[in-house]
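# Commentary on secondary and tertiary structure
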Amino acid sequence: MAPTDSDLSGRPVVMDVFRFLPDEETEPRFQRYEIPYRDDDVVLDALNHIKAEVDATLSFRWACRMGVCGSCGMMVNGEPRLTCETFVNEFHPEPIRIEPLAHFPVARDLVINMEDFMDKLPTVKPWLVPADPKPIEEGEFLQSPAQLAAYKRFSMCINCMLCYSACPVYGLDETFIGPAALALAQRYNLDSRDGGKAERANVVTSHEGIWECTYVGDCTRVCPKEVDPAGAIQMAKLSYATDWVKSMLLPGG
Amino acid sequence: MDRHYVRKLPAMWWLRKRTYLVFMLRELTSVFVVAYALFLMVVIWRADDPGSFSGLFDALDSPVGLVLHAIVLAALLFHSITWINLTPKVLVLWRDDEQVDPRLIAGANYLGWAVASAVLAWLVLK
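Residues numbered from 1 in each chain as written. Chains lettered and ligands numbered in written order. Predicted model: local features only at pLDDT ≥ 70, side-chain atom pairs only at ≥ 80, totals over all residues.

## Re the overall build of chain A
So the rule is basically this: Each helix is a run of DSSP H or I of at least 4 residues and each strand a run of E of at least 2, with the numbering of both proceeding from the N terminus. Once C-beta atoms are placed from the backbone, each residue is buried if 20 or more other C-beta atoms lie within 10 Å of its own, exposed if 12 or fewer, and partly exposed for counts between those two.
A tally of regular secondary structure across chain A gives 9 helices and 7 strands. Summarising its shape, the C-alpha atoms of chain A cover approximately 75 × 45 × 30 Å along the three principal directions. Buried positions account for 40% of the 253 residues belonging to chain A.

Here it is in structure tokens:
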């Protein structure tokens, strides 16, 4: 039988929520909420229940509720997760600790400032840079299923930034361009329609780029879209290093 | 950004998650790889002088020597296995329209490791 609102009287769940109100406090604190939940509630539902019924001052981001928009990423018991895909049942009866995405500055409560990521993303030119521009009259760029398969996995990124929260390299050094942006660079480098690999090299192979990655691999583990940023970065290392060796051995070639 | 709250990673961040710890162990065990490679070079260098060579081996043929070797072996196995398991991520090969099975790439590395070890064992033990 489908759960109804009457089930709300059933099991309570304890939520320890990170609170930071920049106009009133200099230090964050944890606020405990004890709320009822239904079996099919996700953590985002629980937060929306708090916001609607218990404490309207709580701030957090969300939009689609179906794992597509990438807005509702938060630390759930220390792990970066999309809260719309994380069921309360997974933790019950233990309390659930909710924090804003790690490594980013906190603007208010569970809302992080994502400017750093937004500034970095366009620097790797995550769009098609055709080797030979061709006029629209000449038609589309054709691609075989194998050519699509070469990069498709890396194109599933929804910019949720969970990978940045999982990456200790980014946590220690915020100049690191980071998993999602570098994976997108490699996604376009692998695209048969793209010719922008050399143009991206300046940023991608800079000190803040692929070579700063030490391959912890946690970005890949937490990615809700199975993008495998760590794999993409290692592929980029091999690919650019091969280019460099070739340019040394074949000057002018 | 002045009104933002900035969280810093603690120095012991790598103890917080199992995945971070495994990464740190993989990195730290590389020290054992280098150290033992240097040690082997010293052994080869001393092979010219039979007296000094057998003296070194007598020193190693002790409980301390055995324990040290067991530690180094464990570190090298951990490093090599975690390293080889990552190789299919770096080397993604395509045969016509199909991706080469990642297990094949890791397997080739294991095979190379086994062959190299067997050749070395044959050279040392023959």
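Following the structure, the description resumes.
## Some details on the overall build of chain B
For clarity, the cut-off: Based on C-alpha atoms, the radius of gyration is set beside the globule rule, defined as 2.2 Å times the residue count to the power 0.38. Note on contacts: each residue gets a C-beta atom placed from the backbone, and two residues are in contact if those atoms are within 7 Å.
Across its full length, chain B carries 4 helices and 2 strands. Tracing chain B from N to C terminus, the helices and strands come up as α-α-α-β-β-α. In terms of C-alpha radius of gyration, chain B reaches 21 Å, well past the compact-globule figure of 14 Å for 126 residues. Overall size of chain B, expressed as C-alpha extent along the three principal axes, is 70 × 50 × 20 Å. Excluding contacts between residues fewer than 6 apart, the proportion of contacts in chain B whose partners are at least 24 apart in sequence is 43%.

## What to know about the nonpolar core
All names here are of chain A. Selection criterion: Structurally, a nonpolar core is described as a collection of buried Ala, Val, Leu, Ile, Met, Phe, Trp, Tyr and Cys residues joined by way of C-beta atoms within 7 Å. Residue ranges labeled as domains rest on an automatic or database domain assignment.
Core analysis: the biggest nonpolar cluster contains 66 residues, and C163, L182, A183 and A236 have the highest contact counts within it. Two domains each provide a minimum of three residues to this core, namely domain 1 (5-112) and domain 2 (115-249). When near neighbours in sequence (up to four residues on either side) are disregarded, A236 contacts L182, A185, Q186, N189, V204 and I210.

## What about the packing of helix α6 (residues 179-189) of chain A against helix α7 (residues 197-204) of chain A?
Residues and elements named next belong to chain A. In plain terms, the rule: Convention adopted: a line fitted to C-alpha atoms gives each axis, helices being fitted over their contacting stretch, and angles between N-to-C directions are expressed from 0 to 180 degrees. Roughly parallel means an angle under 35 degrees; roughly antiparallel, over 145; roughly perpendicular, 65 to 115; everything else is oblique. Should the near helix be turned counterclockwise from the far one by less than a right angle, the crossing is left-handed, whereas a clockwise turn marks it as right-handed. Put simply, Ala, Val, Leu, Ile, Met, Phe, Trp, Tyr, Cys and Pro go in the nonpolar bin, Asp, Glu, Lys and Arg in the charged bin, and everything else, Gly too, in the polar bin.
Interhelical geometry of α6 versus α7 gives an angle of 165° and a closest axis separation of 10 Å. One element, α6, and the other, α7, form an angle in the roughly antiparallel class. The element α6 and its partner α7 pack so that their crossing is left-handed. Contacts between α6 and α7 pair L182, A185 and N189 from the former with K197, R200 and V204 from the latter. A breakdown of the residues in the contact of α6 with α7 according to their chemical character gives 3 nonpolar, 1 polar and 2 charged.

## Thoughts on the domain arrangement of chain B
Taken domain by domain, chain B holds domain 1 (1-76) and domain 2 (91-126). Domain 1 of chain B and domain 2 of chain B are separated by 24 Å when their C-alpha centres are compared.

## A look at the interface of chain B and chain A
The interface of chain B with chain A comprises 18 residues on the first partner and 24 residues on the second. Tallied by class, the residues present in the side of chain B that touches chain A amount to 12 nonpolar, 2 polar and 4 charged.

## Considerations on the pairing of strand β3 (residues 73-76) of chain A
Residue and element names in this part refer to chain A. What counts here: Here, any two strands with at least 2 DSSP bridges between them count as paired.
Both β3 and strand β4 (residues 79-82) contribute to a ladder of 4 bridges, which runs antiparallel. Bridge pairing links V76 to E79 in β4. In this antiparallel pair of consecutive strands, β3 and β4, the connection spans 2 residues, and N77 shows a positive phi of 50°. As paired strands, β3 and strand β5 (residues 96-99) are joined by 2 bridges and run antiparallel to one another. For M75, the partnering residue across the bridge sits in β5 and is E99.

## Topic: the domain arrangement of chain A
Residues and elements named next belong to chain A. The domain boundaries assigned to chain A delineate domain 1 (5-112) and domain 2 (115-249). Between the C-alpha centres of domain 1 and domain 2 the distance comes to 31 Å. Contacts between the two partners involve 13 residues from domain 1 and, on the opposite side, 12 residues from domain 2. Within the residue set of the side of domain 1 that touches domain 2, elements represented by two or more residues are β3 and β4.

## What about the sheet that holds strand β2 (residues 29-36) of chain A?
Residue and element names in this part refer to chain A. Spatially, 5 strands are ordered β2-β1-β5-β3-β4 in an open sheet, and the strand pairing comes out mixed. Edge positions in the open sheet fall to β2 and β4, since each of these has one partner strand only. Taking the axes of each pair of neighbouring strands and ignoring which way they run, one obtains an average angle of 35° across the sheet. Contacts between helix α1 (residues 43-54) and the sheet are confined to β1 (12-19), β2, β3 and β5, with β2 contributing the most and set at about 95° to the helix.

## A closer look at the packing of α6 of chain A against helix α9 (residues 229-249) of chain A
Helix packing for two helices is described by the angle between their axes and how far apart those axes are. All names here are of chain A. The contact between α6 and α9 brings their axes to 8 Å, and the two run at 55°. Looking at the two axes, α6 sits oblique to α9. Between α6 and α9 the crossing geometry is left-handed. Taking contact as the criterion, the partners of P179, A180, L182, A183, A185, Q186, R187 and N189 in α6 are, on α9, P229, A230, A232, I233, M235, A236 and S239. In terms of residue class, the contact of α6 with α9 is built from 11 nonpolar, 3 polar and 1 charged.

## So, the confidence of the model for chain B
Residues and elements named next belong to chain B. To keep things clear, this is the line we draw: Note: pLDDT gives the predictor's confidence per residue, expressed from 0 to 100.
The predicted model of chain B has a mean per-residue pLDDT of 90, with 98% of residues at 70 or higher. Within chain B, helix α4 (residues 102-125) carries the highest mean pLDDT (94), whereas helix α2 (residues 50-60) carries the lowest (81). Scored as a whole, the predicted complex attains pTM 0.89, and scored at its interfaces, ipTM 0.84.

## Overview of the environment of E85 of chain A
All names here are of chain A. Along the chain, E85 turns up in the loop between β4 and β5. For E85, a count of 14 C-beta atoms within 10 Å puts it in the partly exposed group. Separated by 79 residues in sequence, E85 and Y164 place their C-alpha atoms 18 Å apart.

## Regarding the environment of V76 of chain A
Residue and element names in this part refer to chain A. Checked against the element boundaries, V76 lands in strand β3. Taking the C-alpha atoms as reference points, V76 and L101, 25 residues apart in sequence, are found 9.1 Å from one another. With near-sequence residues (within four places) excluded, V76 lies in contact with V43, R81, T83, T86, I96 and I98.

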